[in-house]
Amino acid sequence: MDVKKTGTTTLALLCKDGIVMGAESKATSGFMVANKEVKKLFQIDDRIAMSVAGDVSDVQQLVRILRAEIKLYKLETQEEMKVKAVATLLSNIMYARKLFPYLAQIIVAGIDRLGKHIYSFDPAGACIEEKYVATGSGSVFVYGILEKDYKEGMKVKEGIALVKQAIKVAKERDVFSGGEKIWLGIINDQGVEIREEEL
């Protein structure tokens, strides 16, 4: 049986004045680079975003499902959906398919009236709240940087520098991470900003 090799590097960390997310932009299929400019960060609500690592069709479907469910919730209740509720919804969706799982590692991060939150998910729907987290094949390299340099209470500006440094390390050491760009997501009380920068 041939094993399909895929990889990526995504991460998120809590900061004093917001949340910073990051991802590189390489997509691989086996040992072939399929694309060098793939977007891996998505806004799913006014102050909630998610990063994706894994099978492209699976993660695209999960993004569409979450966006639709959040819109339906807002129409029915006239309220924003809490980040924990979005996390629970995604966990339930993924768990329902655990025998034929979505091949994805997901990070959901956002701000609501209860505070700032980051949740990580495995393909079976396990959901864990984190202060910082990394997913994908490059995560083993990223955790070395985060364990050493992450500080509670750091500012978003410091978080952006740390995310960039961690992704650059993953690009250098993980053959399945890299590409042409870094995707950065900044979440604060005003909303979500997702931007790209050259790697």
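Structure: above.
Note that this is a predicted model, so its numbers are computed, not measured. (Residues numbered from 1 in each chain as written. Predicted model: local features only at pLDDT ≥ 70, side-chain atom pairs only at ≥ 80, totals over all residues. Heavy atoms only, no water.)

1. Brief notes about the environment of Arg-64
For clarity, the cut-off: The helix and strand labels rest on DSSP assignments: H or I over at least four residues marks a helix, E over at least two residues marks a strand, and numbering proceeds from the N terminus.
With respect to the secondary-structure elements, Arg-64 resides in helix α1 (residues 56-77). Sequence spacing of Arg-64 and Lys-157 is 93 residues, and the spatial spacing of their C-alpha atoms is 30 Å.

2. Regarding the sheet that holds strand β2 (residues 18-24)
Basically, it comes down to this: The pairing criterion is simple: DSSP has to find at least two bridges between the two strands. Note on geometry: axes are C-alpha line fits, over the in-contact stretch for helices, and angles between N-to-C directions span 0 to 180 degrees. Here, two residues are considered to be in contact whenever any of their heavy atoms come within 4.5 Å of each other.
Strand order in the open sheet formed by 5 strands is β10-β1-β2-β11-β12, with antiparallel pairing between adjacent strands. Here the strands that pair on one side only, and so sit at the sheet edges, are β10 (132-135) and β12 (191-198). Neighbour-to-neighbour, the strand axes of the sheet open up by a mean angle of 15°, direction not taken into account. Sheet topology note: the strand β11 (residues 181-188)/β12 ladder contains 8 bridges and is antiparallel. Residue pairing for β12: Trp-183 is matched across the bridge by Glu-196. Against the sheet, helix α4 (residues 156-173) engages β1 (10-15), β2, β11 and β12, with an angle of about 20° to β2.

3. With respect to the pattern of salt bridges
Rules: By definition here, a salt bridge exists when the distance from a side-chain nitrogen of Lys or Arg to a carboxyl oxygen of Asp or Glu is within 4 Å. Partly exposed residues are those whose accessible area sits between 20% and 50% of the maximum for their type, while under 20% is buried and over 50% is exposed, using a 1.4 Å probe and protein chains only.
Scanning the entire structure with this criterion turns up 11 salt bridges. Close ionic contact of Lys-131 with Glu-152 constitutes a salt bridge, the shortest N to O distance being 2.8 Å. Of the two residues, Lys-131 sits in the loop between β9 (127-129) and β10 while Glu-152 sits in the loop between α3 (139-149) and α4, which places them 21 residues apart along the sequence. Its relative accessible area of 58% is what places Glu-152 among the exposed residues. Across the pair Glu-193 and Arg-195 runs a salt bridge whose closest N-O atoms are separated by 3.2 Å. Residue classification places Arg-195 among the partly exposed residues on the basis of a relative accessible area of 27%. Residues joined by salt bridges that share partners form a network here, namely Lys-164, Glu-193, Arg-195 and Glu-197.

4. A few points about α4
Defined as follows: By this rule, a helix spans an expected 1.5 Å times one less than how many residues it contains. The directions considered for the arc run from the helix axis to the C-beta atoms.
An ideal rise of 1.5 Å per residue puts 26 Å on 18 residues; α4 measures up with 26 Å between its terminal C-alpha atoms. The set of residues buried in α4 consists of Val-156, Gly-159, Ile-160, Leu-162, Val-163, Ala-166, Ile-167 and Ala-170. Taken around the axis of α4, the buried residues stretch over an arc of 165°, which confines them to a single face. More than 90 degrees from the buried face of α4, the exposed residues found are Lys-157 and Glu-172.

Read these as layout, nothing more, since geometry by itself doesn't imply function.
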